[in-house]
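Working through the structure, step by step
Chain residues, written in single-letter form:
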Amino acid sequence: MRRHFVRKFVVVLALFLAAIVGLSALIGGLLFRGHEHRGPFIPIGIVLVVFAIFLIARAGRGFASPVADVMEAADRVAAGDYESRVRERGPREVQRLGRAFNEMAERLGTNEDRRRQLLADVTHELRTPLSVIQANLEALIDGLYPIDDAHLRPVLEETKVMGRLLDDLQTLSTAEAGVLTLHREPTDPRQLIDTAVQSFRAQAEEAGVRLESKGADTLPALDVDRLRIGEVLTNLISNALHHTPAGGTIVADAHEADGGIALSVSDTGTGIAQEQLPHVFDRFARAPDSPGAGLGLTIAKTLVEAHGGRIRAESGPAGTTFVFTLPVHAKD
């Protein structure tokens, strides 16, 4: 196919030029009929035209060949070969075409790998609650267990686990697709911190963990969806409580940084291993003792980025800190 395209391009170009030359010769012959000086100009003109045709055909081949490479590679990508790449050559514009094609193929390959991994992860996460539900229902039907609250409640709890997982996946998919609706409004960052901390106050006291909120009361307002950012803070504080032993401390803070407002949650817990730190925001990445499905931090990162912010994690022997920065509300 590639050779056919190059050959066809060159042939069509040569025929087009030949037609122009023939027409020019015909018109020139008519105009200079009987002219005594027409003779010397004809062979010179023919040589120049042939030389021009040679140069144009060569340039056309240099343009057509890399374009044909892209066409051939596009067919392979369409057939599912996302490893296909082209050599960036030819004129500058054609090189840009090749570079854009390579970047597109790489993104398609990455998205396909993520889709397959996500499908495998979701299947794995759903298998456990479905197995529990199936085993309990079969035991109830066979009369091995009495139909009472003690044996129906585990079934209900597993359905709640599946429901939370599906809700998390829906939030994640809509946010990553850029179709998540955000109800932005001017929001006091200190109020966000205080509300999130207050909702975990009783749980922290029961666990013997000191939970504090910090931050100035005069910080600029944020331009955010307070419910979504509240989800981010809730997730971070919940994780900190799970990994902070009794006698430890968790601090939620808000302060100005990098032209926006930085909100952070720090704990004095067990910390995150350095080799795991770069992957804490990956889908289904979780510690062995984590109770969730491993989507909380992924959703937190996606929600922060949907607001135009960024989030990072820092960890060491003294504990872990998650920091995310959000833009301030622009005054009219």
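Conventions used here
Each chain has its residues counted from 1, following the order in which its sequence is written. Residues qualify for local features only when their pLDDT is at least 70, as the model is predicted, and side-chain atom pairs are given and counted only at 80 or more; totals for whole chains, interfaces and linings, by contrast, use all residues. The side-chain numbers reported here are obtained from all heavy atoms of the structure, hydrogens and water having been left aside. Criterion used throughout: strands pair if DSSP finds at least two bridges between them. The helix and strand labels rest on DSSP assignments: H or I over at least four residues marks a helix, E over at least two residues marks a strand, and numbering proceeds from the N terminus. Comment: axis = line fitted to C-alpha atoms, over the contacting stretch for helices; angle = value between 0 and 180 degrees taken between N-to-C directions. In this description, contact between two residues means that some pair of their heavy atoms is separated by no more than 4.5 Å. Residues belong to a common nonpolar core when they are buried Ala, Val, Leu, Ile, Met, Phe, Trp, Tyr or Cys residues joined through side-chain atoms within 4.5 Å. Note on classification: 1.4 Å probe, protein chains only; a residue is buried when its accessible area is under 20% of the maximum for its type, exposed when over 50%, partly exposed between these limits. On a scale of 0 to 100, pLDDT captures the predictor's confidence in every residue. Basic side-chain nitrogens of Lys or Arg form a salt bridge, by our definition, when they fall within 4 Å of a carboxyl oxygen of Asp or Glu.

1. Considerations on the sheet that holds strand E6 (residues 310–316)
Taken in spatial order, the 5 strands make up an open sheet running E2-E4-E5-E7-E6, and their pairing is mixed. At either end of the open sheet lies a strand with only one pairing partner, and these are strand E2 (210–213) and E6. For this sheet, the mean angle separating the axes of adjacent strands, direction not counted, is 15°. Direction of pairing for E6 relative to strand E7 (residues 319–327): antiparallel, over a ladder of 7 bridges. Bridged to Ala313 within E7 is Phe322. The sheet contacts of helix H8 (residues 296–306) involve E6 and E7, and relative to E7 the element is tilted by about 25°.

2. Regarding the nonpolar core
Ranked by internal contacts, the top residues of the largest apolar core, which has 49 residues, are Leu233, Ile237, Leu263, Val265, Phe324 and Leu326. Counting residues per element, this core draws most heavily on helix H7 (residues 226–243), at 7 residues. With sequence-adjacent residues up to four places away left out, Leu326 is seen in contact with Leu222, Val224, Ile229, Gly260, Ile261, Leu263, Val304, His307 and Gly309. Val70, Val77, Val86 and Ala105 belong to the second-largest nonpolar core, a separate cluster that totals 6 residues.

3. Some words on the confidence of the model for the protein chain
In this model, the protein chain carries a mean pLDDT of 79, and residues with pLDDT of at least 70 account for 77%. A low-confidence stretch, residues 37–42 stays under pLDDT 50, and its non-local contacts, those more than four residues away or across chains, total 1 contact.

4. Considering the pattern of salt bridges
Enumeration over the complete set of coordinates arrives at 12 salt bridges. Residues Asp194 and Arg190 are paired through a salt bridge, measuring 3.0 Å at the closest nitrogen-oxygen approach. Remark: Arg190 and Asp194 occur in helix H5 (residues 189–199); sequence separation between them is 4 residues, near one turn of the helix. Where Glu314 meets Arg312, a salt bridge forms, and the shortest distance between an N and an O atom there is 2.9 Å.

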